[in-house]
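Structural characterization, general
Listed here are the chains, written in short residue letters.
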Amino acid sequence: LAAQLSLSLAECPGTGSAQAGRAAACQGCPNQGLCAAGAAGPDPAEAAELRARLRAVRHTVLVLSGKGGVGKSTFSALLAHGLAADETKQVALLDIDICGPSIPKMMGLEGEQVHQSGSGWSPVYVEENLGVMSVGFLLGSPDDAVIWRGPKKNGLIKQFLRDVDWGEVDYLIVDTPPGTSDEHLSIVQYLSATHIDGAVIVTTPQEVSLQDVRKEINFCRKVKLPIIGVVENMSGFVCPKCKNESQIFPPTTGGAEKMCQNLNVSLLGKVPLDPQIGKSSDSGQSFLAEAPESQATLSYRNIIQRIQEYCEHHHFQEEKIM
């Protein structure tokens, strides 16, 4: 049975494939009927609704991680702050980590509520050009647990995309939960009605994190989600007093750099561990603004620039094809 399951997982054609639900590996899968019927993706009317709502979104970037606790939400928040530093750009941050919504806290928006308008839900704004949406804004208390099965989580993700009045947006950043499950399939399928520039995958240097990132890369390839690149977070620590560098998470198998070479994906950069990042996140402030000279800030700025360059090139290539 274990061997059969292993073969089935390895050979899954992916929900977007013409063979979804019909391949030999699909036999015995609980989702075989849904995939074969094409129910895994949005129906035409639903796709038209999503296209109409998201027509004014120029770039969409998903932030993924295989393992929890690698700093994915922190990266999403700082990516949004970094992009919004250009006041000519309109940035939106969507938190679809339904069970662990940390974005409101990190963006200094804890306790805020979502407001309804004639054109849908209004995002909560950090700055005039930086809007945020999260299930955290719908909870009575930050300590409330969201105990939902997949269909209800998927329904909320669809509602965030369809009913939030994002307006004209240059960058929509989507912070996802760890893994390759319901929320990830849903966001990719719903956004397939429009476009996704690609995914940024966050890891830490140790093998226990990298082994799950390899799964995340495989997921992206299965669902035809472009990979912008990998960010190695918590990559070494320089003592502020003695200036010695320590490897808090030793890269025993070569770290993200070696993995990226082996899997032919881009390494966007390495961000060193800086205690101020945690302090800034807890207080809802932008670390990039609070520690502009930090090595971590310099790393972030280089990574953000590479993401912008990728998105602009991707957009240019799409326009050429059209």
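Now for a description of the structure that goes with this document. Note that this is a predicted model, so its numbers are computed, not measured.

Turning next to the layout of surface pockets. Counted as a void, the second largest pocket has a volume near 290 Å³. In this structure, the second largest pocket is lined by 16 residues; those nearest its centre are His81, Ala84, Ala85, Glu127 and Asn129. Put simply, the parts of the chain that give the lining of the second largest pocket at least two residues each are α4 (72-84), β5 (124-127) and α11 (287-290). Per-element tally for the lining of the second largest pocket: the top contributor is α4, with 3 residues. When grouped by side-chain class, the residues that make up the lining of the second largest pocket number 7 nonpolar, 5 polar and 4 charged.

We now examine the pattern of salt bridges. Taken as a whole and judged by the stated rule, the model has 11 salt bridges. Its salt-bridge partner being Asp163, residue Arg162 comes within 3.0 Å of it at the nearest N-O pair. On the basis of relative accessibility, which here comes to 26%, the residue Arg162 falls in the partly exposed class. Here Glu207 ties to Arg214 by a salt bridge, and the two come within 2.8 Å at their closest N and O atoms. Note on Glu207: relative accessible area 22%, which makes it partly exposed. One network of salt bridges, in which partners are shared, links Lys67, Asp212 and Lys215.

This part covers the sheet that holds strand β6 (residues 130-134). By definition, the strands of a sheet pair up through backbone hydrogen bonds, in either a parallel or an antiparallel sense. As summarised here, the arrangement of the 8 strands in space is β5-β6-β2-β7-β1-β8-β9-β12, forming an open sheet in which the pairing is mixed. Of all strands in the sheet, those with a lone pairing partner are β5 and β12 (267-270), marking the two edges. Neighbour-to-neighbour, the strand axes of the sheet open up by a mean angle of 20°, direction not taken into account. Bridge analysis of strand β9 (residues 227-232) against β12 gives 3 bridges, and the strand direction is parallel. Bridged to Val231 within β12 is Gly269. Those strands touched by helix α8 (residues 207-222) are β1 (57-64), β8 (198-203) and β9, and its axis lies near 170° from that of β8.

Turning our attention to the nonpolar core. Within the largest apolar cluster, 84 residues are counted, with the highest numbers of intra-cluster contacts made by Leu62, Phe75 and Ile307. For this core, the element with the most residues is α4, which contributes 7 residues. Ignoring anything within four residues of it in the chain, the contact list for Leu62 reads Val174, Ile187, Val188, Leu191, Ile196, Gly198, Ala199, Val200 and Leu225.

By the criterion of burial, β6 is predominantly enclosed, with 5 of the 5 residues buried. Burial along β6 is two-sided: Leu130, Val132 and Ser134 and Gly131 and Met133, pointing in opposite directions, are all buried. Sheet topology note: the strand β2 (residues 91-95)/β6 ladder contains 5 bridges and is parallel. Considered in β6, the bridge of Leu93 is made with Val132. As paired strands, β5 and β6 are joined by 3 bridges and run antiparallel to one another. Directly across from Tyr125, in β6, lies its bridge partner Gly131. Counted along the chain from β5 to the antiparallel partner β6, the turn is 2 residues long.

The rules we used
- Residues numbered from 1 in each chain as written.
- Predicted model: local features only at pLDDT ≥ 70, side-chain atom pairs only at ≥ 80, totals over all residues.
- Heavy atoms only, no water.
- 1 Å grid on protein atoms, 1.4 Å probe; cavity = no way out; pocket = protein on both sides within 12 Å on 5 of 7 lines; lining within 4 Å.
- Points joined across faces, edges and corners; volume = space filled by probe spheres on them.
- Helix = DSSP H or I, 4+ residues; strand = E, 2+ residues; numbered from the N terminus.
- Nonpolar A, V, L, I, M, F, W, Y, C, P; charged D, E, K, R; others polar.
- Salt bridge = Lys/Arg side-chain N within 4 Å of Asp/Glu carboxyl O.
- Buried < 20%, exposed > 50% of the residue type's maximum accessible area, 1.4 Å probe, protein only.
- Pairing = 2+ DSSP bridges.
- Axes fitted to C-alpha atoms, helices over the stretch in contact; angles between N-to-C directions.
- Contact = heavy atoms within 4.5 Å.
- Core = buried A, V, L, I, M, F, W, Y, C linked by side-chain atoms within 4.5 Å.

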